[in-house]
Every structure is written in structure tokens, then in C-alpha cells.
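Each chain, letter by letter, is given below.
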Amino acid sequence: MNIHQKYLHRCIALAKNGLGTTYPNPMVGSVIVYNNTIIGEGWHKKAGEAHAEVNAIRSVKDQSLLKKATIYVSLEPCSHHGKTPPCSDLILEHQIPNVVIGTVDPNVQVAGRGIKKLESAGVKVTVGVLEKECRALNKRFFTYHLQKRPYIILKWAQTNDGFIAPKQKTEQKPVWITNRYSRQLVHKWRTEEQAILVGTRTVLEDNPRLDVRDWAGTNPIRMVLDINQRIPKSLHVYNNQVKTIVLTGNKLESEEPNSCMEYLDKDQNIATQIAAIAYKHQIQSVIIEGGSQTLQTFIDADLWDEARVFVGNNTFKTGTPAPRLDLNSAIKQTLITDQLLLVYNQQNL
């Protein structure tokens, strides 16, 4: 590992502190180095607040050292006015002579302009250090800007014998397949993604809240697939506590507070339409939690980026089969009594 990679690794580690809180902005980390010593560091914490470079520069106690320092940043410094001034201008203002960048920003408002501005002013710019890792850090942001759709995560739990629900749900709704540690992890995941999607059957059978009550963080936007408008307004998804997008194939009804209706053409590819609607609402990531038919719709359309599959230590013998997806290449993790299988869509890597 060379010296540039060492400090870019630190940038990535810092940036990860912003997972789930920076939307619609990317996660970015920055460190400032003088004489092989980190003298300042920071990360972007929340949209509308200071960017990583600003926080790193502010953290330097002796500002005179900036004129002889190198600033490392995981993503190209912005060059446009948004809710905050351009970071490239701040770098020039402090006369930082060297800038090392992990990867170019895919946002058309930046897309090389920040680098060009710095180079035009005489700054030595190095681009592409740990580029693969820096792009992976912001896989949601890159997918949204380059593919014009959200990063799509499939998630479900299945029994040892391959069922996601029993034939009858008579005693408990929902019927838990996994242990409480796995369920808490799912709530953590919900804080990290911008939206969560479920189908009609899941809502009718389980009446889920789709929130993060078992973890600290922001509740995701709810996307509810209700083609034939069968979901009654008395269920949790209509409690107006979180922005909810109802996807329907019928004539649009009047909208409830904090919710909106989006039309789906039943004769066209449902998964593609949902992805387009999410993009329209500036949603960069969505975790699809069910049910089986909804998940299979995205699998069959090959419109997914990763799958997170829990396998509980129990059997149903009969019931609703799990979605059909090749799990042979899965990365396996153990969560007490559960197995977590992680699969990545090789077509989208």
C-alpha cells in the first residue's frame, strides 16, 4: 500500500459515518496531511451541512500549514453552488497545493469540473487512487446518476426447507423465521436506505410498520405496491407518519397527507416502472422486503444489485416458497442461530 492509498483508506472509513444521513448527497471523507502527519479530517454528515473538505479544513489547528499540505478526498470536490459553496473554491482560497481524489463525481453538475477548476488554478491533482473502493462506497449514488434508477437490495427470510411463510398464519402476525438479532439488523439496514418496498399481500397479512423502531435512525420512505387498491386505509402504511408512495394500476384516488399515488401500467414491466418512479422521487436506494411475488418480479427482470437472505433454524414443511434465486455463490455469515447469505448481481458490478 502506497502513501496515497493509506490516506484514501482513511477517507473511506470517515465517509462511512454518513451512511443513511447524507441523501441525496454522496458519502465523502477527507483528510489533510502535512509532513506525513494527518493534521485535519472530516466527513459529510448531513445534506445541507458542511461537506467533508470543509470539515477537514476547519479541523486544522494551524491554518498556515494548509499552504504546504495535501488534501485527500474520496470523491471529487464540488464546483457548483448548492446548499453550500463549492469545495473547490475553498481549497483554492486556502491555497492548498496538492489534492488527491479517489474518483470523479458522476453527478452532471460536477463530473470533472471540480478537477478542471483546481488544475486551471495550478493545483497538483491526482485522480483515481482506490477508485474501485471509492465507487463501491457510493454504489447507491453512482447507480442513481449513471443508471437513472435506485440501487436495489432484495431482502427476505426463509426457513431451512425454503419457505418464507407458513400455509396458515393463525397465531402470530408476522410469523418470525429469524432471531431477534437478525431482525434488529434489518432495522439498521432500513436506516441506511432511502426507501423500502413491499407488496399488497405482505401489507394485508402482516400489517407492517416498515419503520426502524429497533434501531436509531431515519425511517425510510415507504413504497407500497397495491395494483388493485386492496389495502384499507386503516393499516399502518397509511398512518401518515412517513412519506408513502402507493403504486397502483387503477385510477388514481385523492392523496392522503404525506402520501402520493403513482400509476403503474399492468401490461408493462412492473419492476422497470417502479425503478423509474423511485428515480422520479429522487430515491437513490430501495430495500425490497417482500413478498415472494414482488421479489420475484425484480429477480425475473434482472433488476437488482444485491440480495440479503436470512435462513432461519426452522422448517414449515409447506407454505409460500422463497423467491427463486441462485444462492450458490453467496457470501455466508452466521448470526447466532441464523445464516445470512449475501449475493451480488454480477451484471451490475
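Residues numbered from 1 in each chain as written. Predicted model: local features only at pLDDT ≥ 70, side-chain atom pairs only at ≥ 80, totals over all residues. Heavy atoms only, no water.

As recorded by an unreviewed UniProt entry, the chain carries the name Riboflavin biosynthesis protein RibD and is attributed to Flavobacterium crassostreae. Under the heading Function (unreviewed entry), UniProt records this for the chain: "Converts 2,5-diamino-6-(ribosylamino)-4(3h)-pyrimidinone 5'-phosphate into 5-amino-6-(ribosylamino)-2,4(1h,3h)-pyrimidinedione 5'-phosphate." (UniProt positions renumbered as here; feature names shortened; annotations may be inferred.)

(A) Seen up close, unusual backbone geometry. Looking along the chain, the bond that leaves Tyr 23 and enters Pro 24 is cis, with omega of 5°. Relative to the elements of secondary structure, Pro 24 occurs in the loop between helix H1 (3-15) and strand E1 (29-34). Between Gly 290 and the following residue, Gly 291, the backbone shows a cis peptide bond with an omega angle of 0°. At Asn 36, a position not held by glycine, the phi torsion is positive, near 60°. Among the structural elements, Asn 36 can be located in the loop between E1 and strand E2 (37-43). (Helix = DSSP H or I, 4+ residues; strand = E, 2+ residues; numbered from the N terminus.)

(B) Layout of the pairing of strand E13 (residues 306-311). In terms of burial, E13 is a largely internal element, six of the six residues being buried. Along E13, one buried face is formed by Glu 306, Arg 308 and Phe 310 and the opposite face, lined by Ala 307, Val 309 and Val 311, is buried too. In terms of strand pairing, strand E6 (residues 151-158) meets E13 through six bridges, oriented parallel. When the sheet's bridge partners are listed, Gln 158 is paired in E13 with Val 311. (Buried < 20%, exposed > 50% of the residue type's maximum accessible area, 1.4 Å probe, protein only. Pairing = 2+ DSSP bridges.)

(C) Summary view of the domain arrangement of the chain. Domain parsing of the chain yields domain 1 (3-141) and domain 2 (148-344). Once you take the C-alpha centre of each, domain 1 and domain 2 turn out to be 35 Å apart. On the side of domain 2, nine residues touch domain 1, which itself brings eight residues to the contact. With both chains or domains summed, domain 1 and domain 2 bury close to 830 Å², and 48% of this area falls on carbon and sulfur atoms. On inspection of domain 1 and its partner domain 2, the count reaches two salt bridges. (Domains from an automatic or database assignment. Contact = heavy atoms within 4.5 Å. Buried area = accessible area lost by both parts, 1.4 Å probe. Salt bridge = Lys/Arg side-chain N within 4 Å of Asp/Glu carboxyl O.)

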